[in-house]
Amino acid sequence: MKITIAGTGYVGIVTGACMAETGHAVTCYDIDSIRIKKLQDCIMPIFEPGLEEMLIRNRERISFTTDYKEAYRDSEAVIICVGTPEKRDGSANLKCVYAAVQQAVECAQRDCIIVIKSTVPVGTGDNLDKAVRLKNTGRHFEIANNPEFLSQGTAVRDTMKASRIVIGVNSPEAEKVLKDIYDRLGQEYVVTDRRSAEMIKYASNDFLALKISYINEIANLCDFIGADVEDVALGMGLDPRIGNRFLKAGIGYGGSCFPKDTKALHWLANFNDCELKTIKAAIDVNENQKIKLIKKARKYYDSFRDLTVAILGLTFKPGTDDFREAPSLQNIPILLEDGAKIKAWDPVGMDNFKKAYPEEISYCGSIEEALKDADICFILTEWPEIVLMDVSRFQLLMRKPIVLDGRNCFKLEEAEGNGFIYESIGRRIIGQGSIAGEHLLRGERAV
Ligand SMILES: NC(=O)c1ccc[n+]([C@@H]2O[C@H](COP(=O)([O-])OP(=O)(O)OC[C@H]3O[C@@H](n4cnc5c(N)ncnc54)[C@H](O)[C@@H]3O)[C@@H](O)[C@H]2O)c1
């Protein structure tokens, strides 16, 4: 089938690549000419494992363009993968979705299906449908919803082996075309009306966000009452009704989806006079959780002025170069404002982060370089390089070996006896009292 993908971000490129892999002829269109030029030259504008190889393998079946007239003219299916960022009031900004649909409708020379893969509020498909009909183009356009559930870092695998394909359609014709698109993946379909499909996406993401915030609150309580949240999560997760995924305590969720999707659903519910109290709680807990390490650090230092802070991990999770809504964006400004000197390391996220903080941070080529002479270390992303590092480096390299781990990267036994203070989330503190004499810290507070 001839398919056009609108938007070549994390969802668009992966969707395009996977559809080419399954034999479709794919054209990817984006308004961002720099991004398209890179893709034409086979340079990946994002970091996503397995993507580059897949694109190279399917070069014959996939093309990239900034010419929307060309992109939409002959397409049998247009898949909208543009961004739906958060507005100031928390609602979803649909400007790009409407713009892309409008261009597709104006340029298509044949009947076609317009599939909304971007995450959109319930009712968007119906509104687009009305708007498209009013245009009276003489051609028939079906509007369908097909939410995306991929996770950055595992996006290619998630798409090729999706847990389910949700098809939100209001006609059997649209259902048939969507099934033809996905036919070769052989995955399970959930066929619903458009509104239910739109709701499935938000309800799924918000449930996962809620699960994370739940375990984070339990972790915070564990800190006070002396239980170990990792053991608690293990004991809970073995119950198949609960499951062990998204039950890892930490400094909160980030990324381009959970934060905005929780706020958008909460906004939509309020707008309909039906507050979602659980979602509100998930949002509030997460906001607080992101600065948990700063609060822990205050025990050691009243102020960060002139202290060297090592930051390990800038992206919102491992496996991606995306730092949208990452805890680094909450923590770094606070530290800088308080006068800290920041040395940061991230295996793939530094180039992107530099665009936001070009001058204020020293970017380091290795974990060791970041740790050298640091007065405290914040671990914000559980990159494998951090999880697998030799923990004796902390004591050897840091001026004051205090490690605050927001992702519970190390086993407590591993941290024990290595001469550094180790505070993680929802677990006992290791090494408190081990830094004596010359290591007494500023602000009159000893450890
Ligand atoms: N990133 C994820 O993990 C993920 C997962 C599931 C669903 N989603 C949803 O998918 C959508 C896209 O997310 P993303 O992370 O890929 O976004 P992104 O910001 O990475 O990419 C969006 C792309 O759309 C392009 N664009 C904007 N207007 C356009 C237009 N009129 N025509 C063509 N291109 C246009 C932008 O230039 C950009 O390259 C969002 O609604 C998001 O909520 C994202």
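None of these values were measured; they are calculated from a predicted model. (Residues numbered from 1 in each chain as written. Predicted model: local features only at pLDDT ≥ 70, side-chain atom pairs only at ≥ 80, totals over all residues. Heavy atoms only, no water.)

A. Representation of the sheet that holds strand β13 (residues 402-405). Taken together, the six strands give an open sheet; going across it, the order is β11-β10-β9-β12-β13-β14, and neighbouring strands pair in parallel fashion. In the strand order of this sheet, the two ends are held by β11 (361-363) and β14 (421-423), each with one partner. Adjacent strand axes in the sheet meet at a mean angle of 20 degrees when their direction is disregarded. Here five bridges tie strand β9 (residues 308-312) to strand β10 (residues 341-345), and the two strands are oriented parallel to one another. (Pairing = 2+ DSSP bridges. Helix = DSSP H or I, 4+ residues; strand = E, 2+ residues; numbered from the N terminus. Axes fitted to C-alpha atoms, helices over the stretch in contact; angles between N-to-C directions.)

B. Inspection of unusual backbone geometry at higher detail. One non-glycine residue with positive phi stands out, namely Asp273, at about 60 degrees. Within the fold, Asp273 resides in the loop between α11 (258-271) and α12 (277-289). The backbone of Glu325 shows a phi angle near 60 degrees, a positive value even though the residue is not glycine. With respect to the helices and strands, Glu325 occurs in the loop between β9 and α14 (328-337).

C. Broad picture of the pattern of salt bridges. Tallied over the entire structure, the rule returns 30 salt bridges. Ionic pairing is found between Asp129 and Arg194, a salt bridge with its closest N-O pair at 3.4 Å. Taken together, the residues span a long stretch of sequence, with Asp129 in helix α6 (residues 124-134) and Arg194 in helix α9 (residues 194-225) at a distance of 65 residues. A relative accessible area of 10% means that Asp129 is categorised as buried. (Salt bridge = Lys/Arg side-chain N within 4 Å of Asp/Glu carboxyl O. Buried < 20%, exposed > 50% of the residue type's maximum accessible area, 1.4 Å probe, protein only.)

D. Summary view of the side chain of Ser303. Relative to the helices and strands, Ser303 resides in the loop between α13 (292-297) and β9. For Ser303, a relative accessible area of 17% gives the class buried. A polar contact of 2.9 Å, which involves the side chain of Ser303, links it to the backbone nitrogen of Arg305. (Polar contact = N/O pair within 3.5 Å; in protein donor to acceptor, adjacent residues only side chain to side chain.)

E. Geometry of the domain arrangement of the protein chain. Here the protein chain is described as being made up of domain 1 (2-192), domain 2 (201-289) and domain 3 (290-423). Taking the mean C-alpha position of each, domain 1 and domain 2 sit 29 Å from one another. With 16 residues of domain 1 in contact, the opposing surface of domain 2 contributes eleven residues. In total, domain 1 and domain 2 occlude about 1,100 Å² of area from one another, counting both sides; carbon and sulfur atoms represent 59% of this. When the buried surface of domain 1 facing domain 2 is broken down by residue, Glu86, Gly90 and Thr119 rank first, second and third, together holding 38% of it. Taken together, the links from domain 1 to domain 2 amount to one salt bridge. Glu86 is paired through a salt bridge with Lys263; the nearest N and O atoms lie 3.3 Å apart. Inspection of the domain 1/domain 2 interface yields six residue pairs in polar contact (both at pLDDT 80 or more). (Domains from an automatic or database assignment. Contact = heavy atoms within 4.5 Å. Buried area = accessible area lost by both parts, 1.4 Å probe.)

F. Spotlight on the UniProt feature "domain: UDP-glucose/GDP-mannose dehydrogenase C-terminal" (unreviewed entry) in the protein chain. In the UniProt entry, the feature "domain: UDP-glucose/GDP-mannose dehydrogenase C-terminal" (unreviewed entry) is given for residues 310-412. Spanning residues 310-412, this segment combines 32% helix with 18% strand, and its end C-alpha atoms are found 21 Å apart. (UniProt positions renumbered as here; feature names shortened; annotations may be inferred.)

G. Summary view of the environment of Glu148. With respect to the helices and strands, Glu148 occurs in the loop between β6 (141-145) and α7 (155-160). Taking the relative accessible area as the measure of exposure, Glu148 reaches 11% and is therefore buried. Note: C-alpha distance between Glu148 and Gly50 (98 residues apart in sequence) is 18 Å. If near-sequence neighbours (up to four positions away) are discounted, Glu148 is found in contact with Val11, Thr15, Lys117, Thr159 and Lys201. Among the polar contacts made by the side chain of Glu148, one reaches the side chain of Lys117 at a distance of 3.0 Å.

H. Focus on the environment of Thr84. Among the secondary structure elements, Thr84 is positioned in the loop between β4 (77-80) and α5 (95-107). Along the chain, Thr84 and Lys161 lie 77 residues apart, while their C-alpha atoms are 25 Å from each other. Once residues lying within four places of it in the same chain are set aside, the contact partners of Thr84 are Ala92, Asn93, Leu94, Val97, Ser118, Thr119, Val120 and Lys260. Polar side-chain contacts of Thr84 include one of 2.9 Å to the backbone oxygen of Thr119. In this structure the side chain of Thr84 is engaged in a polar contact, spanning 3.4 Å, whose partner is the side chain of Lys260.

I. The arrangement of the nonpolar core in detail. If you look at the biggest cluster of nonpolar residues, it comprises 39 residues, and the most contacted ones within it are Ile311, Leu335 and Phe378. Domain assignment of the residues forming this core places at least three in each of domain 2 (201-289) and domain 3 (290-423). Once residues within four sequence positions are removed from consideration, Leu335 is found in contact with Ile294, Phe304, Val309, Ile311, Ala340, Ile342 and Phe378. (Core = buried A, V, L, I, M, F, W, Y, C linked by side-chain atoms within 4.5 Å.)

J. Structural view of the site of the ligand. The ligand sits among 25 residues. The nearest are Val11, Asp30, Thr84, Gln152 and Lys260. Here Ser256 contributes a side-chain N or O atom positioned 3.4 Å from a nitrogen atom of the ligand. Protein contacts shield 90% of the accessible area of the ligand, which totals 830 Å² for the unbound molecule. Of all elements in the fold, only α1 (10-21) and α5 reach the threshold of two or more residues within the shell around the ligand. Class assignment for the residues of the shell around the ligand results in ten nonpolar, eight polar and seven charged. A domain-level breakdown of the shell around the ligand finds at least three residues from each of domain 1 (2-192) and domain 2 (201-289). (Near = heavy atom within 4 Å. Areas by Shrake-Rupley, 256 points an atom, 1.4 Å probe, with all protein chains shown as cover. Nonpolar A, V, L, I, M, F, W, Y, C, P; charged D, E, K, R; others polar.)

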